[in-house]
Amino acid sequence: MSFDEEMQAALVTFVIESQELLQAMEADLISLEQHEDPSATIASIFRAAHTIKGSAGLFGLEHIVRFTHVVESVLDTLRNGSLSVSTGLIAILLPCRDHIALLIQALAEGQQTEDTAQAQRGKSLLEKLRPYLGDAKGLATMQATQSGSVVGMARSHEGALQAGNWHLSLRFGANSLRNGMDPFSFIRYLATLGTIVSINTLTDAMPEAADMDPETSYLGFEIDLQSDADKAAIEDVFEFVREDSLIQVLPPNSSIAEYIQLIQSLPESELRLGEIFVNTGVLTQSELDTGLPQQANPEAVIAQNKPVASSVGVTTSTVQSANDAAQDKQKLNKGNKSLENQSIRVDSEKLDQLIDLVGELVISCAAANLRAVQLHDSKLLETNAKILGLVEEVRDSTLKLRMVPIGSTFSRFQRVVRDVSAELDKDISLVITGGDTEVDKSVIEHIADPLMHLIRNAMDHGIESAAVRAERGKPAKGTLKLNAYHESGTIVIEVSDDGAGLNRERILAKAIERGLIQSGTNLSEKEIYALIFEPGFSTVEQVSNLSGRGVGMDVVKQNIAAMRGVIEIVSVPGEGMTLRIRLPLTLAIIDGFLVGVGESFFVVPQDRIVECVELPKTNKPYEFMNLRGELLPFIRLGSVFNIKHETAKRENVVVVDVAGQKTGLVVDQLIGEFQTVIKPLGKLFNHVQGIGGSTILGSGEVALIIDVPVLVNYKSQREKAA
Amino acid sequence: MQTLDIKGEMTIYTAAEQKIQLLAFIESGQELCCNLAEVSELDTAGTQLLILAKQEAAWADKKLSFVKHSKVVLEVLALVNLTELLGDPLVLNVVEHSS
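Asker: I would appreciate a short explanation of the overall build of chain A in the present structure.
Answerer: What chain A contains, in helices and strands, is 24 helices and 21 strands. Burial analysis of chain A (722 residues in total) assigns 34% to the buried set.

This is the structure in structure tokens:
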């Protein structure tokens, strides 16, 4: 990988991580007011800003560093308690977060510097932050950073943990200056990789005036750097001077022996260096005392250009025990680290591939099983059954890999609720429960939009204004609840509010006005409420800019139906309503019904099926039939998909339901229930309508999964055209 | 008390010349004051000269102070943590006592 490519890849990671941090930051900012002791939350917000700033500096993204630094300064004053949390401050920090997100987004789209509009926006935001910067120090550091210096930042972190820092020993080659390599510029660049916790400039090599060549480099540097960069990245800083310079990099938490070895390998006296190490807190005096005199064979180590970090632990029991102690400490630190990094990032495509493979494994197992049955080999059957059981377990746990808690999706709405309630001038709080409930990632991706609509709707139409609420004897603050739980293989997501609830009469009147139902139709409560999902239905006279544009609820229903989910409404007039969405846990597996047409097999999603009936023999020439007095149009799968087959003696009709409209699918054979992994069709079949995917049967044959709504629409459109 | 104003850059390009200038200045008296207000650029070579001057003065048992550091100088000294060594005379005194 070339350097450019590497940077590009690193940049992508930076964008992803920043976006995650920003999302967490948003949630933290919103929850800030609710905490009694917000210090942990503030610390986490600060860390997020700090990390983004640090990484942005690494990529030389000056504009992000500059802006984030000021935000960080304000957060720092919050953290050390000289500023306290206030609604006003949060109201400014939130847009600041958005601005950073905007800059990151622009970066993701390839914009490496800010444009005028962004600069303007950033400036006006910083202007608003200024009053909170309070003490002169914050301002000073801010100006220092703006003028391109890194020193102000570096100095403000002197409290950082010493042992967790990189230690760099730099002795630049005598000719560095003559070659145009100014050591200072390397140190400046190094500072962009992290925070220079301490730096000691060694002038020991400076000769007397007479021998001093003003163009020779004499200075040495001992630097403690706090950085998340890896060793290679830090060493790369000195790539151009490495040849004739002595550059040694010790990673954080190196053992005492390694430091001692480093000290001995450097040209300056042990005493002088030891003093520096103790002063900067890298080693304690006693560690130094035990380490130094005991090192019996320094010749091996003194070889100057040898990278010290690679040769670990030498001789003598005293050093060994000091070493052990250090390593124990290291282990402890590593233990902590492993707790922090419990999750790993995996490309979702890889997971999909794995699931695909496991699906195929299930199918192959079924095939092997079939063969065993045919052979009447009971031993083989037994083995197969065991394998099948294991494979199914593997499949289940693989599918679980894609499961993510819905909480992060929920908490995004905190912000929405906050913003929208400000816009509507209503006081509404969002209560989230069941955030731990896990659901397939693909479901999460698709649920956000419908949820957004439902929440906006509930806030706009459901929850009354404070005045009306007071009149009705309700608390002035409206409550919106998001809840999720598992129920018999599905996930249930509830959006409930304590608003006015649905008005039966008004819905009925509107439905009659719109011609959706006949007046005098007798409808159950549920059926009436379901009317709000009809296209073009909106009961609010006043169209607000949030919702109530007459689009939406029907789209919500469609989106949910597309995920093979259902939505229902529970409403208590005057007390509020609950929208309950029921979704399958995963979109990768389907409960289907296997049918046969001639030699071909099809899977009809079970949740679409109303019933199965036999096609009356007398019905042949028509495209519809009489189903208990109702006219049922039907589609002959055989003719739609051009399957040449002899008409079976007995044809069956699978009655499916699309948006309340019943349609029949005529097939030859009804085979039975079939749970299967959906395999997407290849690109070649993208244009094929009415097929949602495929699956492979145990016998090795392919069965196509029917996309019922598309098929029915396709059919009715063709009829209209004809 | 002798005073020297260093003007313009103190870099690798000017170091040879400035070395002679600084050493001559140290020869010129017992109490020396070097004004850095007009230093517009300071790199490693320049910094080394300041250190050399300080060292020479100390060996000759003379008192050399750097004063009125320009912003550029202060920034460099802060970067490499040499403010104590080459900073204001006030700071310098403290250091001398402690060592």
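Asker: Help me understand the overall build of chain B in this model?
Answerer: A tally of helices and strands in chain B yields 5 helices and 3 strands. Shown N-terminal to C-terminal, the secondary structure of chain B runs as helices and strands in the order β-α-β-α-β-α-α-α. In chain B, buried positions account for 38% of the 99 residues. At a minimum sequence separation of 6, the contacts of chain B that also span at least 24 residues come to 82%.

Asker: Would you mind showing me how to read the interface of chain B and chain A here?
Answerer: Quoted interface sizes are often the accessible area lost when the parts come together. Every contact between the two is made by 21 residues of chain B and, on the other side, 21 residues of chain A. Looking at the side of chain B that touches chain A, the elements with two or more residues in it are helix 1 (15–27), helix 2 (44–59) and helix 3 (71–79) of chain B. By residue number, the principal contributor to the side of chain B that touches chain A is helix 2 of chain B, which donates 8 residues. Here the side of chain B that touches chain A is composed, by residue class, of 13 nonpolar, 4 polar and 4 charged.

Asker: Can you walk me through the sheet that holds strand 10 (residues 566–572) of chain A in this structure?
Answerer: Residue and element names in this part refer to chain A. The strand order across the open sheet built from 5 strands is 6-8-9-11-10, with neighbouring strands paired in mixed fashion. The sheet is open, and its two borders are formed by strand 6 (428–433) and strand 10, each paired with just one other strand. For this sheet, the mean angle separating the axes of adjacent strands, direction not counted, is 15°. Here strand 9 (residues 490–497) runs beside strand 11 (residues 576–584); their pairing, made up of 8 bridges, is antiparallel. Along strand 11, the bridge assignment pairs Asp-497 with Met-577. Here helix 18 (residues 441–462) sits on the sheet in contact with strand 6, strand 8 (478–487), strand 9 and strand 11, set at roughly 20° to strand 9.

Asker: Would you take a moment to explain the sheet that holds strand 1 (residues 2–10) of chain B for this structure?
Answerer: Sheet strands pair via backbone hydrogen bonds, and the direction of the pair is either parallel or antiparallel. All names here are of chain B. Across the sheet, which stays open at both edges, the 3 strands sit in the order 1-2-3 with parallel pairing between neighbours. Taken across any chain shown, the strands that pair with only one partner, and hence form the sheet edges, are strand 1 and strand 3 (63–67). Averaged over all pairs of adjacent strands, the angle between strand axes in this sheet comes to 25°, irrespective of strand direction. One ladder, built from 8 bridges, connects strand 1 with strand 2 (residues 31–42); its direction is parallel. Within strand 2, the position partnered with Glu-9 by the bridge is Glu-41. Packing of helix 2 onto the sheet brings it into contact with strand 1, strand 2 and strand 3, and relative to strand 3 it is tilted by some 150°.

Asker: Honestly, helix 10 (residues 256–265) of chain A in this entry has me stumped. Any pointers?
Answerer: Note that an α-helix has 3.6 residues per turn; residues three or four places apart therefore point the same way. With 9 of its 10 residues buried, helix 10 of chain A lies for the most part within the structure. Residues of helix 10 of chain A that are buried: Ile-256, Ala-257, Glu-258, Tyr-259, Ile-260, Gln-261, Leu-262, Ile-263 and Ser-265 of chain A.

Asker: Which parts of the structure should I look at to understand helix 11 (residues 270–279) of chain A?
Answerer: Residues and elements named next belong to chain A. Those residues of helix 11 that sit buried are Leu-273, Gly-274 and Phe-277. Down the axis of helix 11, the buried set is contained in an arc of 105°. They therefore lie on one face. What points out from helix 11, more than 90 degrees from its buried face, is the exposed set Leu-271 and Asn-279. A positive phi of about 85° marks Gly-281, the residue just after helix 11.

Asker: Explanation requested: the confidence of the model for chain A in the structure shown.
Answerer: For any part of a model where pLDDT is low, the fine detail of the predicted coordinates should not be relied upon. Residue and element names in this part refer to chain A. Averaged over every residue, the pLDDT of chain A is 76; the share at 70 or more is 84%. Strand 13 (residues 600–605) holds the highest mean pLDDT among the elements of chain A, 89, whereas helix 7 (residues 151–155) holds the lowest, 35. Counting contacts from residues 294–322, a segment whose pLDDT is below 50, to residues more than four positions away or on other chains yields 48 contacts. In this model, residues 541–551 is a region of pLDDT below 50 whose contacts with residues beyond four sequence positions or in other chains number 18 contacts.

Asker: What is the right way to look at the pairing of strand 16 (residues 630–636) of chain A in this model?
Answerer: On a regular strand, each side chain points to the face opposite its neighbour's, so the side chains alternate between the two faces of the sheet. All names here are of chain A. As judged from the 4 bridges shared by strand 15 (residues 624–627) and strand 16, these two strands associate in the antiparallel manner. Counted as the bridge partner of Met-625 is Leu-632 from strand 16. The hairpin formed by strand 15 and strand 16 contains 2 residues between the paired strands, and Arg-628 there has a positive phi angle of roughly 45°. As defined by bridge partners, strand 16 adjoins strand 18 (residues 661–667) across 3 bridges and the pair is classed as parallel.

Asker: Mind showing me how you'd approach the packing of helix 18 of chain A against helix 22 (residues 553–562) of chain A here?
Answerer: Helix packing geometry: the angle between the two helix axes and the distance between the axes. Residue and element names in this part refer to chain A. Contact geometry for helix 18 and helix 22: axes closest at 10 Å, N-to-C directions at 155°. Considering their axes alone, helix 18 and helix 22 lie roughly antiparallel with respect to each other. For the element pair helix 18 and helix 22, the recorded crossing hand is left-handed. Residue-level inspection shows His-446, Asp-449, Pro-450, His-453 and Leu-454 of helix 18 in contact with helix 22, the latter providing Val-556, Asn-559 and Ile-560. Within the contact of helix 18 with helix 22, the residues separate by chemical class into 4 nonpolar, 3 polar and 1 charged.

Asker: Just to check I follow, could you spell out the packing of helix 3 (residues 62–79) of chain A against helix 4 (residues 87–108) of chain A for this structure?
Answerer: Residue and element names in this part refer to chain A. Taken N-terminus to C-terminus, the directions of helix 3 and helix 4 make an angle of 165°; their axes are 11 Å apart at the nearest point. Judged by the angle between their axes, helix 3 and helix 4 are roughly antiparallel. For the pair helix 3 and helix 4, the sense of crossing is left-handed. Of the residues in helix 4, those in contact with His-63, Ile-64, Phe-67, Thr-68 and Val-71 of helix 3 are Cys-96, His-99, Ile-100 and Leu-103.

Asker: In this structure, what is going on with unusual backbone geometry? I would like to understand it.
Answerer: For residues that are not glycine, phi is negative in most cases, and the peptide bond is trans in most cases. All names here are of chain A. Notably, Arg-628 is not glycine yet its phi reads approximately 45°, a positive angle. Mapped onto the fold, Arg-628 is located in the loop between strand 15 and strand 16. At Asn-642, a position not held by glycine, the phi torsion is positive, near 50°. Relative to the helices and strands, Asn-642 resides in the loop between helix 23 (637–640) and strand 17 (652–658).

Asker: Even after reading the chapter, I still don't get the pairing of strand 2 of chain B, so can you show me in this structure?
Answerer: Between the parallel elements strand 1 of chain B and strand 2 of chain B, the chain passes through helix 1 of chain B in a crossover that is right-handed. Once you follow strand 2 of chain B into helix 2 of chain B and on to strand 3 of chain B, the crossover reads as right-handed.

Asker: I'm lost on the confidence of the model for chain B in this one. Help?
Answerer: Residues and elements named next belong to chain B. In this model, chain B carries an average pLDDT of 81, and 88% of its residues clear a pLDDT of 70 or more. This model gives residues 90–99 a pLDDT under 50, and the stretch forms 5 contacts once residues within four places in sequence are excluded. Interface scoring of the predicted complex returns ipTM 0.84; its pTM is 0.46.

Asker: Please explain the nonpolar core as it appears in this structure.
Answerer: The nonpolar side chains of a soluble globular protein tend to be buried with one another. Core analysis: the largest hydrophobic core is formed by 66 residues, its most contacted members being Ile-187, Leu-190, Phe-221 and Tyr-259 of chain A together with Leu-49 and Val-80 of chain B. Residue contributions to this core peak at 6 residues, all from helix 10 of chain A. Those residues in contact with Val-80 of chain B that sit more than four places away from it in its chain are Phe-184, Ile-187, Ile-199, Thr-201 and Phe-221 of chain A.

Cut-offs used in this document
Residues numbered from 1 in each chain as written. Chains lettered and ligands numbered in written order. Predicted model: local features only at pLDDT ≥ 70, side-chain atom pairs only at ≥ 80, totals over all residues. Helix = DSSP H or I, 4+ residues; strand = E, 2+ residues; numbered from the N terminus. Buried ≥ 20, exposed ≤ 12 C-beta atoms within 10 Å, placed from the backbone. Contact = placed C-beta atoms within 7 Å. Nonpolar A, V, L, I, M, F, W, Y, C, P; charged D, E, K, R; others polar. Pairing = 2+ DSSP bridges. Axes fitted to C-alpha atoms, helices over the stretch in contact; angles between N-to-C directions. Arc of directions from axis to C-beta. pLDDT = per-residue confidence, 0-100. Parallel < 35°, antiparallel > 145°, perpendicular 65-115°, else oblique. Left-handed = near helix turned anticlockwise from the far one by under 90°. Right-handed = clockwise from strand over helix to strand, strands pointing away. Core = buried A, V, L, I, M, F, W, Y, C linked by C-beta atoms within 7 Å.

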